[in-house]
Each structure stands twice: as C-alpha cells, then as structure tokens.
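Structural features, examined
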Amino acid sequence: MTETFQLNRQQAQAYDDLFVPALFGQWAPQLVDCARVREGQSVLDVACGTGVVARAARDVVEAGRVVGVDLNPAMLEVALAARPDLEWVQGDAEDLPFADAEFDVALCQSALFFFAHPGRALSEMARVIVPGGVVALQTYAPLAEQPAYGPFVELVARHAGPEARDLLGTYWSQGDVHGLRALTSAAGLSLLELRSSLGVAVFPSAAAVADTELRATPIAEQITPENYSRIVADTEDLLGGYADESGAVRLPMRATFVAAFKR
Ligand SMILES: C[S@@+](CC[C@H](N)C(=O)[O-])C[C@H]1O[C@@H](n2cnc3c(N)ncnc32)[C@H](O)[C@@H]1O
C-alpha cells in the first residue's frame, strides 16, 4: 500500500469534526442516491473512516443492516462512539472479512486511490454483494478537471519541483471515467450510472489550503522556509478570489461517482 491515510485517535476525531463537514460529508447522500439504496437493504461501507456514508445509508435503509469496514482502528473508534447502533468492523478492502453475497449494496467513498490494488478491492466488493446488487464508488475527477486544485498543484510544482505533482496527486489518481469503467467491468459489474458533481472544499483561508496540503505530504519538510512562504503568498493570490465575507475559501471540487450492478 502507498499512502493509506492512517491516523491516530486524536487525528481521527479531528477528521470527523473538521474534514467531514468541510469536504467528505457532502458526497455521502449523493453516493447513497447513486447506488439506488432502498429501505430494508443491507449496506456495506468500505473504507468507512468515521462512517459518514454508513450514517447516510442508515437514513435510507432504516431497519436494514449497515456495516462499516476500515483498516484503521482509530477511525472505527470514532465511528462507534458517534453511532453505536451501527456495526463497525476492522478489515482490509482488498480482503473483506465477509461472506459471499452478504450485502445488497457495497459503497466506497474517497478511498479507492489509497488502495494498492483498486481492482482487487472492486472484486471484493462485487463478491460480497448479491447478484443484482450494486457497487458504488465516489472518487475525484482528474486534476485537469479541477478548477482550483489543478492550478494550485501547478503553483506548488513551480516552487517545489515536478515531483510535487505526484506527492499531491493521490486524490486525483482514480477519477478517470475510462479507468473506472474498466475497473468495474473487470470485477464482473455492469455500469448503471456515471455521475460528475461539482462540490466545494471549505478552508479557513487560502493560506490554510497551502499549509494543509504541504503538511499532508513530505513537501513541507523538503522545501526551505522562504520557499514555503512564497508558496503561501502565491496561493493567497491564486485562491483569494474564492474567499467569502468571513475570509473562508470555498474551493470548487469535482467528484466522480460510478454505480454498477452484479450480473
Ligand atoms: C479519506 S478517508 C475516507 C473515509 C470515509 N469513506 C469518508 O468518506 O469520510 C480514507 C479511508 O480509507 C481507509 N483505508 C485506506 N486503505 C484501506 C484499506 N486497504 N482497507 C480498508 N480501509 C482503508 C483509511 O483508513 C481511511 O479511513
């Protein structure tokens, strides 16, 4: 596995308190809708993190079974504390600890790009759903289709070198629709829907965008303090226009959804 998003308990709580409202929360109802989840169904949320998709699925299935599975115990602790009424299981998306055909629907949000073998995870999701069941994924469109992040990554690459494109590239690496079609069909799934949705990522300021992104990667440690300050200043110029009256910046962010059913 490459970067897998492994956080401790405090970071997992911060993820749920800050990043779920600022970014991840908005996609969950769209993913549930794209998968056509219905009342009474059993739903698996793969790489569930703190469980935002499982919670959204629960609102629809009501009494149906909802299970979240994630590699990271700290994420699962936060999920359990928030929603003890749902099932939380530690496990690897590439080797799911569930029987064949145990669920009607398998969902996966903002995680495909962390898996070493996305195709294996897709096959596992297909294995654990019933024939006629649905697998649905949410990921992000490639950088070329990202109106704010595309220019931001180019800005960082100008200052920090071209390898910054790879270091900042994880989130955009699985959003190509041809690649997603090929992944689902290789897992024996038939396409139901491909959906593109323009959402928003909220940060306290443009400087916070640069700070968050640089510190989430080794770039912050590789560059000089002067270079770091130049990136922050240029980011304020580049993204300052997205600020609202409070100074918070609201960056457009394009997500891709794919839903497919098991033949
Ligand atoms: C960006 S978070 C997304 C969490 C959640 N789906 C959401 O939308 O808030 C990525 C999650 O993928 C999990 N993850 C990464 N690799 C995994 C794997 N191989 N199996 C299961 N979970 C994995 C991480 O632990 C983390 O919780």
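No experiment lies behind these values; they were computed from the predicted model shown.

With that settled, consider the overall build of the chain. Along the chain, the regular secondary structure elements total 11 helices and seven strands. Whereas a compact globule of 263 residues would reach a radius of gyration of roughly 18 Å, the chain reaches 19 Å, a difference of no more than 12%. Dimensions of the chain along its principal axes, counting C-alpha atoms only, are 55 × 40 × 35 Å. For the chain, with 263 residues in total, the buried portion stands at 52%. In the chain, 76% of the contacts between residues at least 6 apart in sequence involve partners at least 24 apart. As displayed, the chain has an accessible area near 11,300 Å², and 52% of this comes from carbon and sulfur atoms.

Moving on, we get to the site of the ligand. Residues in close proximity to the ligand total 23 residues, the closest being Y15, A47, D70, A93 and Q109. Here a nitrogen atom of the ligand sits 2.8 Å away from a polar atom, N or O, in the main chain of A47. Here A93 contributes a backbone N or O atom positioned 2.9 Å from a nitrogen atom of the ligand. Considered on its own, the ligand offers 600 Å² of accessible surface; in the complex 100% of this is hidden by protein. Taken together, the residues of the shell around the ligand sort by class into 14 nonpolar, seven polar and two charged.

Looking now at the nonpolar core. Among the nonpolar cores identified, the biggest contains 64 residues, and L107, Y140, F152, V156, I219 and L251 are the most heavily contacted of them. Counting only domains with at least three residues in this core, you end up with domain 1 (1-140 + 174-199 + 254-263) and domain 2 (143-171 + 205-247). Residues in contact with L107, not counting those within four places in the same chain, are L31, V32, A35, V43, L44, D45, V46, V53, M125 and A136.

We now examine the packing of aromatic side chains. Throughout the structure, instances matching the rule amount to 13 aromatic pairs. For the pair W27 and F257, a centre-to-centre distance of 6.3 Å together with 65 degrees between the ring planes defines the contact as edge-to-face. Of this pair, W27 sits in the loop between α1 (9-22) and α2 (28-34) while F257 sits in strand β7 (residues 249-262), and the two are 230 residues apart along the sequence. On the numbers, 5.2 Å between centres and 85 degrees between planes, the contact of F98 with F103 is edge-to-face.

This part covers the pattern of salt bridges. Taken as a whole and assessed by the stated rule, the structure comprises 13 salt bridges. Taking the shortest distance from any N to any O, the salt bridge between R9 and E77 comes out at 3.1 Å. Separated by 68 residues along the polypeptide, R9 in helix α1 and E77 in helix α4 (residues 73-82) bring together distant segments of the chain. A residue is classified by how much of its surface remains accessible, and R9, at 37% relative accessible area, is partly exposed. The class of E77 is partly exposed, set by a relative accessible area of 40%. Put simply, E154 and R165 hold a salt bridge, and the shortest N to O gap is 2.9 Å. Linking E154 in helix α6 (residues 149-160) with R165 in helix α7 (residues 163-167), this pair joins segments that are 11 residues apart in sequence. You can call E154 partly exposed: its relative accessible area is 33%. Judged by its relative accessible area of 38%, R165 is partly exposed.

Attention now moves to the environment of A210. Tracing the backbone shows A210 in helix α9 (residues 206-215). Measuring from C-alpha to C-alpha, the distance between A210 and A144 comes to 19 Å, with 66 residues separating the pair along the chain. Other than its neighbours up to four places away in sequence, A210 contacts F152, I231, V232 and T235.

Below, the discussion takes up the domain arrangement of the chain. One frequently used descriptor of interface size is the decrease in accessible area upon assembly of the parts. Structurally, the chain comprises domain 1 (1-140 + 174-199 + 254-263) and domain 2 (143-171 + 205-247). A C-alpha centroid distance of 28 Å is found between domain 1 and domain 2. Taken together, the contacts link nine residues of domain 1 with five residues of domain 2. Note on domain 1 versus domain 2: buried area summed over both sides is about 730 Å², and carbon and sulfur give 54% of it. Linking domain 1 with domain 2 are zero salt bridges, by the criterion used here. Joining domain 1 to domain 2, the criterion identifies one residue pair in polar contact (both at pLDDT 80 or more). Looking at the side of domain 1 that touches domain 2 residue by residue, the class counts come to six nonpolar, one polar and two charged.

Spatially, β3-β2-β1-β4-β5-β7-β6 is the arrangement adopted by the seven strands of the open sheet, whose pairing is mixed. Each edge of the open sheet carries a strand with a single partner, namely β3 (87-90) and β6 (189-203). Between one strand and the next, the sheet's axes are offset by a mean angle of 20 degrees, whatever the strand orientation. Judged from the seven bridges that link them, strand β5 (residues 129-140) and β7 form a sheet pairing that is antiparallel. Of the residues in β7, the one forming a bridge with V134 is F261. Most of the contacts of helix α3 (residues 52-61) go to strand β1 (residues 43-46), to which it runs at about 165 degrees, and overall it touches β1, β2 (66-70), β3 and β4 (103-109).

Parameters at a glance
Residues numbered from 1 in each chain as written. Predicted model: local features only at pLDDT ≥ 70, side-chain atom pairs only at ≥ 80, totals over all residues. Heavy atoms only, no water. Helix = DSSP H or I, 4+ residues; strand = E, 2+ residues; numbered from the N terminus. Rg over C-alpha atoms; globule rule 2.2 N^0.38 Å. Buried < 20%, exposed > 50% of the residue type's maximum accessible area, 1.4 Å probe, protein only. Contact = heavy atoms within 4.5 Å. Areas by Shrake-Rupley, 256 points an atom, 1.4 Å probe, with all protein chains shown as cover. Near = heavy atom within 4 Å. Polar contact = N/O pair within 3.5 Å; in protein donor to acceptor, adjacent residues only side chain to side chain. Nonpolar A, V, L, I, M, F, W, Y, C, P; charged D, E, K, R; others polar. Core = buried A, V, L, I, M, F, W, Y, C linked by side-chain atoms within 4.5 Å. Domains from an automatic or database assignment. Phe/Tyr/Trp six-rings, centres within 6.5 Å; stacked < 30°, edge-to-face > 60°. Salt bridge = Lys/Arg side-chain N within 4 Å of Asp/Glu carboxyl O. Buried area = accessible area lost by both parts, 1.4 Å probe. Pairing = 2+ DSSP bridges. Axes fitted to C-alpha atoms, helices over the stretch in contact; angles between N-to-C directions.

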